[in-house]
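# Structural features, examined
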Amino acid sequence: MSLNIEKGDKKRVVIVGGGFSGLNVAKRLKNSGFQIVLIDKNNYHQFPPLIYQVASAGMEPSSISFPFRKLFSRRRDVYFRMAELRAIFPEKKLIQTSIGKVDYDYLVLAAGSTTNFYGNKNVEEEAMPMKTVSEAMGLQNAILANLERSITCANKVEQQELLNVVIVGGGATGVEVAGVLSEMKRTVLPHDYPDLDSSLMNIYLIEAGNRLLSGLSPESSEAVERFLRKMGVNVLLNKMVTDYRDHKVMLADGSSIATRTFIWVSGVAGSEVGNLGKEHLGRGRRVLVDEFNRVKGLDGVFCIGDQCLMEGGDKDYPHGHPQLAQVAIQQGRNLAANLRRLEKGKKLHPFRYRNLGSMATVGRNKAVCEFSSVKMAGFVAWVMWLVVHLRSILGVRNKVFVMLNWVWNYFNYNQSLRMIFYPRKAKEILEREAREATAHWGEDLKWDE
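A brief report on the enclosed structure follows. Source: prediction; values computed, not measured.

## With respect to the overall build of the protein
- Broken down by element type, the protein carries 13 helices and 24 strands.
- Against the 2.2 N^0.38 benchmark of 22 Å for 449 residues, the protein shows a C-alpha radius of gyration of 23 Å, consistent with a compact globule.
- In terms of overall dimensions, the protein has a C-alpha envelope of 70 × 55 × 45 Å along the principal axes.
- Burial status across the protein gives 51% buried among its 449 residues.
- Intrachain contacts of the protein at a sequence separation of at least 6 include 64% that bridge at least 24 residues.
- Of the roughly 21900 Å² of accessible surface on the protein, a fraction of 52% belongs to carbon and sulfur atoms.
- Taking the average place of the 60 positive charges on the side chains of the protein and the average place of its 47 negative ones, the gap between the two points comes to 7 Å.

Dropping the structure here:
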């Protein structure tokens, strides 16, 4: 296979990853004189802050996704290819993808991050991550299927395993998942499952540290913990998960929690680049970059967003930036401007992150926001959370659908999205074709010198 893109006489910028950072580079370089090639394993941009609402069957996946081809349909010299990066060869200014090779003048690594299981194989095999829309759909299927099975289960021990939900990770995602599942227990279960005692459903949120949302102030952490406990969530702090065996989450203190819904949102690691040496990687498998987001030691290769680690480049963040959407967006914009400057022979501008604030929601009327010295919790913070996220979603249709969805949910939780889908045949075909393509790509790496 081949990307089938004629290079022409324009310099080519290849962007690997269509998340917040990569998308901002592509959008900012339109009509810039570059040829842009965007590569992503999906054919759509997804909006991670609202993925948890898909997992709880509160929102359709299409409402937080936007196809790349529609986004760039009217832009010349911008090409999209659905593929995965396999290896890079900076000495040849070439990358190998799952559909063939492509050369570049500038390469931008913006593939984001993946779930970090910290080397625990049992957890990796059994736990359900929630980084992508497809993973959220899988989690939605699992939650709903376990509820269905719990009604017909004759074994009380197994029934309790099906009804217990364990979430590991007290960051924004863990807090939001715990909150939305608690609301689901309170509003959906009595309506959809009248013959099931909803009090049997237990939601556990486990955090190894001494507070939730460690990136926010202690005041915000306390507010979120108070909200969750009031909503019936079992918040377990200073508890470390060590294993998962026999449908039990094992803790370091020797205790365990029985569950068949084991959600892992405890940490992230940079997406792998097949042949990138360890000398280019920092903690969390993030690619080391300088203050201009150039990968150290590689000519013409840049890395932005969650995938990169800038140590010492930004005096306000000497140990690297937090893996947040705003960091990715700002790095994408700065890099796009720097690529223009490179072509004009101008001095590059170092990246400096401007912290616009942080926020997290727990449920209806419950959220926390921090902007500089201003800290808010409760209804006003929740409204601000809604406004900020609604503005950030791509596409007018998606904005309208999400807004209507929120308005409807505010007054009525009885929506018809709680269905179980198992597209197994399509999944098996795609996996087989991916294996066949992978089996051959190694042969393509042989050149005549």
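## A word on the packing of aromatic side chains
- One pass over the full model with this rule turns up nine aromatic pairs.
- Pairing F34 with Y106 gives two aromatic rings, centres 6.1 Å apart and planes at 80 degrees, and the pair type is edge-to-face. Linking F34 in the loop between α1 (20–28) and β2 (35–40) with Y106 in strand β9 (residues 106–109), this pair joins segments that are 72 residues apart in sequence.
- F34 sits in the buried class, given a relative accessible area of 5%.
- Arranged with centres 5.4 Å apart and planes meeting at 55 degrees, the rings of Y317 and Y353 form a pair that is tilted. One end of the pair, Y317, is in the loop between β21 (308–309) and α10 (325–344); the other, Y353, is in the loop between α10 and β22 (358–363), with 36 residues separating them in the sequence.
- In this structure Y317 comes out as buried when scored by relative accessible area, which is 18%.
- A cation sits over an aromatic face here: R226 above F227, 5.9 Å from the ring centre.

## Observations regarding a nonpolar patch on the surface
- Together, V396, V400, F401, M403, L404 and V407 make up an exposed nonpolar region whose accessible area comes to about 540 Å².
- Mapped onto the elements of the fold, F401 is located in helix α12 (residues 396–411).
- Owing to a relative accessible area of 38%, F401 belongs among the partly exposed residues under this scheme.

## A few points about the pairing of β2
- With six of six residues buried, β2 is to be regarded as a mostly interior element.
- With burial as the criterion, each face of β2 is covered, one bearing Q35, V37 and I39 and the other bearing I36, L38 and D40.
- Note that strand β1 (residues 12–16) and β2 share five bridges and pair parallel. From the neighbouring strand, V14 faces β2, where its bridge partner is V37.
- Between the parallel pair β1 and β2, the chain is carried across by α1, and the sense of this crossover is right-handed.
- Of the pairings in the sheet, the one linking β2 to strand β5 (residues 78–82) comprises five bridges and is parallel in character. Bridged to D40 within β5 is M82.

## Notes on the nonpolar core
- Counting residues in hydrophobic clusters, the biggest one holds 63 residues, and the most contacted among them are L50, M130, I167, L181 and L228.
- Of all the elements, helix α5 (residues 133–152) adds the most residues to this core, at seven residues.
- Among all residues touching L228, those that are not within four sequence positions of it are V175, A178, G179, L205, L212, V233, V235 and V362.
- Judged by nonpolar contacts, the second largest core, of 29 residues, contains V37, M310, Y317 and Y353.

## Quick notes on the environment of S217
- You can see S217 is positioned in the loop between β12 (202–207) and α9 (218–230).
- You can call S217 buried: its relative accessible area is 10%.
- On a C-alpha basis, the gap between S217 and E370 in space is 8.3 Å, while along the polypeptide they are 153 residues apart.
- Excluding residues within four positions of it along the chain, S217 makes contact with R211, E370 and K375.

## Quick notes on the sheet that holds strand β13 (residues 234–237)
- Pairing is parallel in the open sheet, where four strands are placed in the order β13-β12-β11-β17. Each end of this open sheet is capped by a strand with a single partner; those strands are β13 and β17 (261–264). Strand-to-strand twist in this sheet, taken as the mean axis angle between neighbours without regard to direction, amounts to 15 degrees.
- Pairing analysis gives five bridges linking strand β11 (residues 164–168) to β12, with the strands arranged parallel. Looking across to β12, one finds that V168 is bridged to I206.

## Concerning the environment of M201
- Checked against the element boundaries, M201 lands in the loop between α8 (189–192) and β12.
- Through-space distance from the C-alpha of M201 to that of Q160 is 7.6 Å; in sequence the pair is 41 residues apart.
- Excluding its chain neighbours within four sequence positions, the residues that come into contact with M201 are L163, V165, K185 and L189.

## Describing the packing of α5 against helix α6 (residues 156–163)
- Between α5 and α6, the shortest axis-to-axis distance is 8 Å and the interhelical angle comes to 160 degrees. Overall, the two elements α5 and α6 adopt an arrangement that is roughly antiparallel. Our pair here, α5 against α6, has a crossing hand that is left-handed. Across the interface between the two elements, N146, L147, R149 and S150 of α5 pack against E158, Q159, L162 and L163 of α6.
- By residue class, the composition of the contact of α5 with α6 is three nonpolar, three polar and two charged.

Parameters and conventions
Residues numbered from 1 in each chain as written. Predicted model: local features only at pLDDT ≥ 70, side-chain atom pairs only at ≥ 80, totals over all residues. Heavy atoms only, no water. Helix = DSSP H or I, 4+ residues; strand = E, 2+ residues; numbered from the N terminus. Rg over C-alpha atoms; globule rule 2.2 N^0.38 Å. Buried < 20%, exposed > 50% of the residue type's maximum accessible area, 1.4 Å probe, protein only. Contact = heavy atoms within 4.5 Å. Areas by Shrake-Rupley, 256 points an atom, 1.4 Å probe, with all protein chains shown as cover. Lys, Arg positive; Asp, Glu negative; His and termini not counted. Charge placed at Lys NZ, Arg CZ, Asp CG, Glu CD. Phe/Tyr/Trp six-rings, centres within 6.5 Å; stacked < 30°, edge-to-face > 60°. Lys NZ or Arg CZ within 6 Å of the ring centre and 35° of its normal. Patch = residues over 30% accessible without salt bridge, like charges linked within 9 Å, V, L, I, M, F, W, Y side chains within 5 Å. Salt bridge = Lys/Arg side-chain N within 4 Å of Asp/Glu carboxyl O. Pairing = 2+ DSSP bridges. Right-handed = clockwise from strand over helix to strand, strands pointing away. Core = buried A, V, L, I, M, F, W, Y, C linked by side-chain atoms within 4.5 Å. Axes fitted to C-alpha atoms, helices over the stretch in contact; angles between N-to-C directions. Parallel < 35°, antiparallel > 145°, perpendicular 65-115°, else oblique. Left-handed = near helix turned anticlockwise from the far one by under 90°. Nonpolar A, V, L, I, M, F, W, Y, C, P; charged D, E, K, R; others polar.

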